[in-house]
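# Remarks on the overall topology
The chain contents come next:
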Amino acid sequence: MTEGRPPAAASAPLWERDAEIATVARAIDELRADESSAGGLLVFRGEAGLGKTALLTETRRMAERSGCTVWYTRGAETLRSVPFNVVRQLLQPALLSLLPEEAREYLGDWYDIAGPALGIAEPQEESADPQYVCDGLVAAVRRLARREWPLVLLIDDAHWADQETLRWLAAFAERLHDLSVLVVVARRPGDVSGESARHLDAIAAAAGRPVNNLRALTPDAAAGLTRATLGRHADDAFCREVWAVTAGNPYDAVELLAKVQESELAPVEARAGELRALNRAARGGGLVDRIRELGFQATQFAWAAAVLGTGITLESVARLATMDDDTARHCAGLLRTARILTTPDPAATEHRGAELEFVHPLIASAVYNSIPPGVCTAMHGVAAEIVTELGRGAAEAARHLLVVHPEADERLVERLREAAREHLAVGAPDAARVCLERALEEPPRPDIHAHVLYELGCATLLTAPAVTVCHLRNALGMRGLDGRDRVDAVIRLSQALLHNDQLEEAVRTIEAEAARHEPGPVRMRLQAFQYMWEGIHGETVAPVRSRSLAELAATCAGRDNTERALLVLRGFDAMTHGESAAEIVELCDRALVNGRLAPGLGWTDREWGIELLMMLGSAYVYTDRLDRAESLFSEALRVYTGAGWHGGHLSLANAYLGLAYRRQGRLRDAEANLREALVLAERVGRRLPLHWSATCGLVDTLLARGRAKEAWSVAEQYGFAPPYPSTIVLPDVRSVRGRLLLAVGRTEEGVNELEAAEKTAVSRGGHNPVLAPWSVDLARALAGQDPARSKRLAADARRQAERFGTDTAIGEALRCAAALETGSRALQLAGRAVTYLEASPSQYEHAAARIEYGILARSAADLNRGLDLARSCGADGLVAQAREALATGRML
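First, a word on what this report is: a plain description of the structure on this page. Here the structure is a predicted model, which is why all the values come from computation and not from measurement.

## Focus on the overall build of the protein chain
- Within the protein chain, the regular secondary structure consists of 44 helices and 7 strands.
- By principal-axis analysis of the C-alpha atoms, the protein chain measures approximately 115 × 70 × 50 Å.
- Buried residues in the protein chain amount to 58% of all 892 residues.
- Measuring between centres, the 101 positive side-chain charges of the protein chain sit 5 Å from its 120 negative side-chain charges.

Here it is in structure tokens:
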């Protein structure tokens, strides 16, 4: 193929695409080799007209000829604001093959998450988290794909895909290694920015191979294409001029040669000078002029088709262009003959029911951009009415309403607010934000302006907390937000400030609002949120705050969720300060209803959030009620997994269940959950509290397992080092970091870290010696260099432990005291530590105490029992210690 001639029956833009076609052929062969073969991803990139669509069409032909199922979709320039538009069209063949009940049964738990985004299920009343929706779509497509092996997914013009589709595609591409599907993506370079550009880069990176950059035709290929179209008699100079005026662009070359045929221009050197004028007529302004030559009505028809952009039918275009059906059919025929419109391929059509589509996206863009601005705006307004009358919903009409000129239209504001609610319900907050921002331009009536700002703030909470803060402050500064709406807005504002790392301001904001209200349910609700934010702010909680919280909680009997929240907050605060464990448990139990979470306080309920329930479970963890903690966190894991919530909430559920397992001594289970928590946290982002919780818990567990080097590696990899977050982290971040430094031999740094933890505890007015065991670790570290201070620290740890009153706390304090003594005194203290820890639910600590006692007492029986406990815990370091003592007879 010296001229790069395409295979027979292939389209002309496939000239000089041998390498790309060979790449596709290899990928199809690899896909068909085995149902267990790894998935593949190909990305083709090229400027407009270089043949991306032709290459995907050839890919479809090759795949179907090889027995593959092919699903196809294409982005569109005028549809980028429609969320999930492209992924919906991609999955249309599979969705149409399933009855509603079959889709629900097949997708299982993912149906309620992915179904609304795909347009096959009604959305829930509350806003959907975009991360969970994305995860649900990934899972849904994976399930559908397994039904159709070998399956090829073709995504054309990905640069024009909506942001939600690109987010899904980036996440899906990362999971192709264990799914036998071939994905082929075609896009232009550039043309996108922001999140869409980031997603496209992630898709290219997931391919694991270089992007295939399409190049313009060489002069030889342009000559071959010219002669294949016009005849072999076309002379060299004419062929060279075809290449020169089109810059080797295959689409432009094909259109130019079609114009040559229409004008019956002889392909000889003497006529080559006329090619430039013909080329101008075939594209851009020339193309528009060509349409205008067909008449005003044909031009109107083309404009209407370009405005609709999707689902182009004769009926809808006729309504928008205000013409009767016969005229519309005539215009469609003229535009088909002029190669402006075409009948879509039934196998590849993007839109069900579409009767027409533009021959090429370049033509669609040229036609749309040629519409006079005023006419274009008016047509979009009419298109919105047509879409609404057809019952397609406010969200679909919104893309037309977004470009209508502001005219203080009350009805338009309400329709955009309705569209925003629909977007939020399916997990598209960015689309909701755009609708509400446009509603503000109208503008809304003064009495609802604040409500629109409030809704805008709610829409941006997950994606842009700083923007949310601005909108909510403006809303609260206007009249219109009263009663519960105002309180809800203040609480939202405090949450946005919290997410924006403005915790102190979040506290002040809600405190100021609480002061505006008389004592009663509303004020108590606000105070509960204030105490919750203060409780999360683990570094600066003052003793006076604890006293006021205790006084307020003393008035609560758990009659409603505000009172229950205050009981939990009081219990958590008392736990962090090391107050009586029995009283803490009594407070937490009163927050439950028949031993279970109250309605409205469940793991997926949004008013109080996950933080409150994590506080409840943590209070149980550190008061030795590990069975209750495990039950709570296991329920969280089940609920979030079942709901398809695979983001931050599921990460925290894994991290805190891992914490409960760590305290129980189930170190293998703890490590597994904490590693899963860290994987999920990485997807959400580093330096966030949930990432700290997962990393800190994993380091703590690895240290307990005796794998200090691995713990250090994890710390290095995931940034487990200062500066620490302002929010509280469990287990105590400084205590764990200090113990890690000691374990890897960086003693001075470890002591400094533990002393910093001591200062924090002093500022808080006390500490729980199990939650923040800095005192016992520091006492051991200072035993050689400052024995007097070491013993004072150990004695203080015992006093704190006895005040707290759990078997684990007292046993751990006695272990520390025994390590600082010798002879019979050490043996006595070690024996008492065993007694307490045997009664506690903390099997790892019991194993450590039993081994230490066995060494001191020269007791093989205790060593063997400690060895068995260590094995069951997965504490490799303790196992090695016990084995060494038994083997060498080393008794201290």
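## Notes on the sheet that holds strand β3 (residues 151-156)
- Taken in spatial order, the 5 strands make up an open sheet running β2-β3-β4-β1-β5, and their pairing is parallel. Single-partner strands in this sheet number two, and they are β2 (69-74) and β5 (212-213).
- Of the pairings in the sheet, the one linking β3 to strand β4 (residues 181-187) comprises 5 bridges and is parallel in character. Counterpart to L153 in the pairing with β4 is V183.

## A short note on a negative patch on the surface
- A cluster of acidic residues, E315, D324, D325 and E355, forms a negative patch at the surface.
- Examined against the element boundaries, D324 turns out to sit in the loop between α15 (314-321) and α16 (325-337).
- Residue classification places D324 among the partly exposed positions, given a relative accessible area of 45%.

## What about unusual backbone geometry?
- For the peptide bond that leads from P722 to P723, omega is 0 degrees, which places it in the cis range.
- Mapped onto the secondary structure, P723 falls in the loop between α35 (708-718) and α36 (733-743).
- Backbone torsion omega between L730 and P731 reads -5 degrees, so that peptide bond is classified as cis.
- With respect to the helices and strands, the residue P731 is situated in the loop between α35 and α36.
- Positive phi is not limited to glycine here, since R339 has a value of about 60 degrees.
- R339 sits in the partly exposed class, given a relative accessible area of 22%.
- Within the chain, D624 stands out as a residue other than glycine whose phi angle is a positive 70 degrees.
- Residue placement: D624 occurs in the loop between α30 (610-621) and α31 (626-643).

## Some points on the packing of helix α38 (residues 774-781) against helix α40 (residues 807-819)
- With their axes 10 Å apart at the nearest point, α38 and α40 run at an angle of 10 degrees to one another. Comparing the axis directions of α38 and α40 gives the class roughly parallel. Here α38 contributes V776, A779 and R780 to the contact with α40, which in turn contributes E812, A813, R815, C816 and A819.
- Its residues placed into classes, the contact of α38 with α40 shows 5 nonpolar, no polar and 3 charged.

## A short note on helix α7 (residues 163-173)
- Among the 11 residues that make up α7, 9 are buried, leaving the element largely enclosed by the rest of the structure.
- The set of residues buried in α7 consists of E164, T165, L166, W168, L169, A170, A171, F172 and A173.

## Concerning the packing of aromatic side chains
- This model, assessed by the stated rule, comprises 8 aromatic pairs.
- Relative to W533, the ring of F529 has its centre 5.9 Å away and its plane inclined at 55 degrees; by these criteria the two rings are tilted. With F529 and W533 both in helix α26 (residues 521-536) and 4 residues apart, this pair spans about one turn of that helix. A single burial state applies to F529 and to W533, both of which are buried.
- Joined through ring pairs, the aromatic side chains of W603, F633, Y640 and Y656 make up one cluster.

## Observations regarding the pattern of salt bridges
- Throughout the structure, instances matching the rule amount to 63 salt bridges.
- Note that R319 and E389 form a salt bridge whose closest N and O atoms lie 2.3 Å from each other. Here E389 lies in helix α18 (residues 373-389) and R319 lies in helix α15, a separation of 70 residues in the sequence.
- Given a relative accessible area of 34%, R319 falls into the partly exposed group.
- Overall, E389 belongs to the exposed group, its relative accessible area being 54%.
- One network of salt bridges, in which partners are shared, links R662, R663, D700, R739, D777 and E845.

## What to know about the environment of A797
- Relative to the elements of secondary structure, A797 occurs in helix α39 (residues 787-804).
- As a C-alpha pair, A797 and N768 span 29 residues in sequence and 9.2 Å in three-dimensional space.
- Aside from chain neighbours lying at most four places away, what touches A797 is P769, S775, V776 and A813.

## Regarding the nonpolar core
- Ranked by internal contacts, the top residues of the largest apolar core, which has 157 residues, are M532, W533, W603, F633, V699 and F720.
- When sequence neighbours within four positions are dropped, the list of residues in contact with M532 reads L569, W608, E611, L612 and M615.
- Of all hydrophobic cores here, the second largest spans 51 residues; its members include Y111, V133, V192 and A428.

Reading the values: rules and limits
- Residues numbered from 1 in each chain as written.
- Predicted model: local features only at pLDDT ≥ 70, side-chain atom pairs only at ≥ 80, totals over all residues.
- Heavy atoms only, no water.
- Helix = DSSP H or I, 4+ residues; strand = E, 2+ residues; numbered from the N terminus.
- Buried < 20%, exposed > 50% of the residue type's maximum accessible area, 1.4 Å probe, protein only.
- Lys, Arg positive; Asp, Glu negative; His and termini not counted.
- Charge placed at Lys NZ, Arg CZ, Asp CG, Glu CD.
- Pairing = 2+ DSSP bridges.
- Patch = residues over 30% accessible without salt bridge, like charges linked within 9 Å, V, L, I, M, F, W, Y side chains within 5 Å.
- Areas by Shrake-Rupley, 256 points an atom, 1.4 Å probe, with all protein chains shown as cover.
- Salt bridge = Lys/Arg side-chain N within 4 Å of Asp/Glu carboxyl O.
- Axes fitted to C-alpha atoms, helices over the stretch in contact; angles between N-to-C directions.
- Parallel < 35°, antiparallel > 145°, perpendicular 65-115°, else oblique.
- Contact = heavy atoms within 4.5 Å.
- Nonpolar A, V, L, I, M, F, W, Y, C, P; charged D, E, K, R; others polar.
- Phe/Tyr/Trp six-rings, centres within 6.5 Å; stacked < 30°, edge-to-face > 60°.
- Core = buried A, V, L, I, M, F, W, Y, C linked by side-chain atoms within 4.5 Å.

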